[in-house]
Amino acid sequence: MAAPDFSRLIAAAADTIAAHAEELTALDQAIGDGDHGLNMKRGFEAVRAEADAFAAKPLPEALKAVGTKLVMTVGGASGPLFGTLFMALGKDLPEAPDRNGLAAALGKAIEAVAARGKSQPGQKTMLDVLQPVYEALAQGKTATEIVIAADKAAEATVPMKALRGRASFLGERSIGHMDAGARSTALLVRAVAEAIEGI
Amino acid sequence: MKHFFNRKDTIVTEALDGFLATAGSGALARLDGYPEIKVVLRADWDKTKVAVVSGGGAGHEPSHAGFVGAGMLTAAVSGEIFASPSVEAVLAAIRATTGPAGCLLVVKNYTGDRLNFGLAAEKARAEGLSVEMVIVGDDIALPDIAQPRGVAGTLFVHKIAGHLSETGRDLASVAAAARAAAKDIFSLGISLSSCSIPGQAHEERFGVDDGELGLGIHGEPGVERIALQSAGALVAIMAERLAARLDAGSRYALLINNLGSVPPLEMSLIANAVLASPLAKAVTLTIGPGHLMTALNMNGFSLSLLKLDAEREAALKAPVGPHAWLPAKPVRAPVVVAIARPAIGATAKAASRDAAAERLIRAVCQKLISLEEPLNALDAKAGDGDTGSTVATGARSILECIDTLPLADHAATAASIGDTLGTSMGGSSGVLLSIFFTAASQSLGSGAPLGKALLAGLDRMTFYGGAKVGDRTMVDALEPALKALDAIGLEAAAKAARQGAEATVAMRKAKAGRSAYIGRQLDTADPGALAVAEVFAAVAALFAPA
């Protein structure tokens, strides 16, 4: 796979979050507290503001720096959780990663997010998208297939009952709504895949 | 939903600045780190005692900055609305307040708060600071949930930890007491509407006739939809669920928290209902009702219970610096004071007869009763259409008691008429006429002739009522009539009353009474003034030489 300019990846991620901030907030309002869109936007705009400094580092260091920025300065639950994802990705990613290296690092990063949030797939969270994306990546699926898997996985959170996060306080009433974190994860997967593959 | 704000991204800092600017005493300060770091801390803190630090998303005011001060929180860390503060912000608060005595973080059980406060605690420990964390999950809305959220009951932990720190206890014992208390707190919320975030589109998910039970402090939907019913019935449902968590024979403190927009009137009614429920048997201390941990403008309230022992009771009762804290009060039956009896001598005189007085009173009353419909019709053009009925009601009440009046004693009769009108007639005109007759009675009692006594009554009535000639009220007829009565006689009075009433037709605006709210040319006479003119005409006819 081509190694895209890291600042382009940041711009793609920040753009998609900004474009979907209202939608993410609406999803969160249905079963959470309605701050997810704003939180994510605040986080990715903070990252965008320092994109050049991040892009100047080797890829693993750049990912760690983005993660640290999200963890330390964004707040909310999404700051630490998405931040952990990027920090852990950076920790295990080779400087010039191939698909296998990326899949392995993503697998480790999913474990780190699960540990941080004391959660696992099936509980109506971002992990429900990350896990199938990891599997598709490891199975050698195309970028398009991975994006479709991510979207399907986000859709699949609709009938789930939330067991973690604010939606879990609704019990059965959380069923029937897409998890906002799953949706934002799928959006990020699409943005990154498109930036890498040019699809 | 409409909101008072300037810009979405400065709501929290502007609110904190306003809070600090009006906090007054100089006891509070903020860390210099806007907009990322929003920390309010005690200005007088010397780090010799255990720092008690709490916080979370904004939108819960007065939580948490409102509870910073002696005996409660050392610092409060605020995030954006409903979003946990960042690790950096929490870490800044810990560094600013923590000395050798260490720091206790009081955290409500939400993923964001746990992560951000937890990471900050880890980093602070790595810097060599002693930091303990207590997580409060007092909500019982979902009985089987692994991670119950923290709601208003968290304030019990703030108060207990703050008090123990203030009395010089070490970190281990403050943290142990806070953790033990957190396990003994149970809260439940109910709401009739969700909350709306300033600058964010809001769609009310509640139906007209329903509320939600078991909802949190972020507008997240409640566990159950619940049909709107009486406050007593709603409180009974909550009391039953809370009572199931209590230990028989234990004493509890009850915190009654307004989630945002319940009027104080309804909060007091709710408090009354809670203390009339079976829950009350276990409650010996109350805190609130009041705004303690809100969810913006949510039209709901929560009840929190803390199991008491001697140490917790002393901690809850200890005075504190922050004004937002509402002192714990022992539950006591209200004291009822007997109604005072009238002073001796003011009791009603015995009934007596006076044929002329009775004839006069009957004529006046019958005239007023006959005017009920026309006066109502006239009033409907400018006021609320009830002048005729109000006046007729007063007149009927006088006729009903005419046989009990001390008619031979004119001063006592005027006093009795004043009393009767004040209680039976209603409306502002009933009160004004009651003042008129009561004051006239006093004047008669001190020997004034009738004309002067009635003018004295008018003087008091206009003093309290505020109307004067030209204001389009009954005074426009009554004042010239009473002046003419005193100076000339009854016939002149009737003529003056008629002229006064007619003059009100041209008066552009009523300055007193209900008509005052209209403020335009009416082209009709004021019904009160007209009633006065009709009464004087009837009385003049009654006494006219045959």
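Below or above, wherever it landed, is the structure these notes cover. (Residues numbered from 1 in each chain as written. Chains lettered and ligands numbered in written order. Predicted model: local features only at pLDDT ≥ 70, side-chain atom pairs only at ≥ 80, totals over all residues.)

**Topic: the overall build of chain A**
Here is step 1 of the chain: A count of helical and extended segments in chain A gives ten helices and zero strands.
Here is step 2 of the chain: Helices (α) and strands (β) of chain A occur, in sequence order from the N terminus, as α-α-α-α-α-α-α-α-α-α.
Here is step 3 of the chain: Dimensions of chain A, computed from the C-alpha atoms along their principal axes, are close to 45 × 35 × 30 Å.
Here is step 4 of the chain: Put simply, chain A has 199 residues, and 59% of those count as buried.
Here is step 5 of the chain: Put simply, of all contacts in chain A between residues at least 6 apart along the chain, 62% involve residues at least 24 apart. (Helix = DSSP H or I, 4+ residues; strand = E, 2+ residues; numbered from the N terminus. Buried ≥ 20, exposed ≤ 12 C-beta atoms within 10 Å, placed from the backbone. Contact = placed C-beta atoms within 7 Å.)

**Side note on the interface of chain B and chain A**
Here is step 1 of the chain: The partner chain A presents 27 residues to the 30 residues of chain B that form the contact.
Here is step 2 of the chain: Breaking the side of chain B that touches chain A down by element, the ones donating at least two residues are strand E4 (75-81), helix H2 (87-97) and helix H3 (111-126) of chain B.
Here is step 3 of the chain: A class-by-class count of the residues in the side of chain B that touches chain A yields 14 nonpolar, eleven polar and five charged. (Nonpolar A, V, L, I, M, F, W, Y, C, P; charged D, E, K, R; others polar.)

**Topic: the sheet that holds strand E3 (residues 51-58) of chain B**
Residue and element names in this part refer to chain B.
Here is step 1 of the chain: Overall, mixed pairing links the six strands, which are arranged E1-E2-E4-E3-E5-E6 in an open sheet. Because the sheet does not close on itself, it has two edges, and the strands there are strand E1 (28-30) and strand E6 (131-136). Going from strand to strand, the sheet's axes swing by 20 degrees on average, the running direction of each strand aside.
Here is step 2 of the chain: In terms of strand pairing, E3 meets E4 through five bridges, oriented parallel. (Pairing = 2+ DSSP bridges. Axes fitted to C-alpha atoms, helices over the stretch in contact; angles between N-to-C directions.)

**What about unusual backbone geometry?**
Where the residue is not glycine, phi is negative for most of them; where a peptide bond is considered, it is trans in most cases.
Here is step 1 of the chain: Tyr34 of chain B connects to Pro35 of chain B through a cis peptide bond whose omega is -10 degrees.
Here is step 2 of the chain: Its location among the elements puts Pro35 of chain B in the loop between E1 and strand E2 (38-42).
Here is step 3 of the chain: The peptide bond linking Glu61 of chain B to Pro62 of chain B adopts the cis configuration, its omega dihedral lying at 10 degrees.
Here is step 4 of the chain: Here Pro62 of chain B lies in the loop between E3 and E4.
Here is step 5 of the chain: A positive phi angle is found at Lys118 of chain A, which is not glycine, with a value near 45 degrees.
Here is step 6 of the chain: Locating Lys118 of chain A in the fold gives a position in the loop between helix H7 (99-116) and helix H8 (127-138).
Here is step 7 of the chain: A positive phi angle is found at Lys47 of chain B, which is not glycine, with a value near 65 degrees.

**Topic: helix H17 (residues 527-543) of chain B**
Residue and element names in this part refer to chain B.
Here is step 1 of the chain: Between its first and last C-alpha atoms H17 spans 24 Å; for 17 residues at 1.5 Å apiece the expected length is 24 Å, and the two agree.
Here is step 2 of the chain: Along H17, the positions that sit buried rather than exposed are Pro527, Gly528, Ala529, Leu530, Ala531, Val532, Ala533, Glu534, Val535, Phe536 and Val539.
Here is step 3 of the chain: Where H17 is buried, its residues meet helix H9 (355-370), helix H10 (372-380), helix H11 (387-400), helix H13 (427-445), helix H15 (475-487) and helix H16 (490-503). (Expected span 1.5 Å × (residues − 1).)

**Some points on the pairing of E4 of chain B**
If a strand is regular, its side chains alternate between the two faces of the sheet.
Residue and element names in this part refer to chain B.
Here is step 1 of the chain: Burial within E4 is extensive, with seven of its seven residues counted as buried.
Here is step 2 of the chain: Direction of pairing for E2 relative to E4: antiparallel, over a ladder of four bridges. Residue pairing for E4: Leu41 is matched across the bridge by Ala75.

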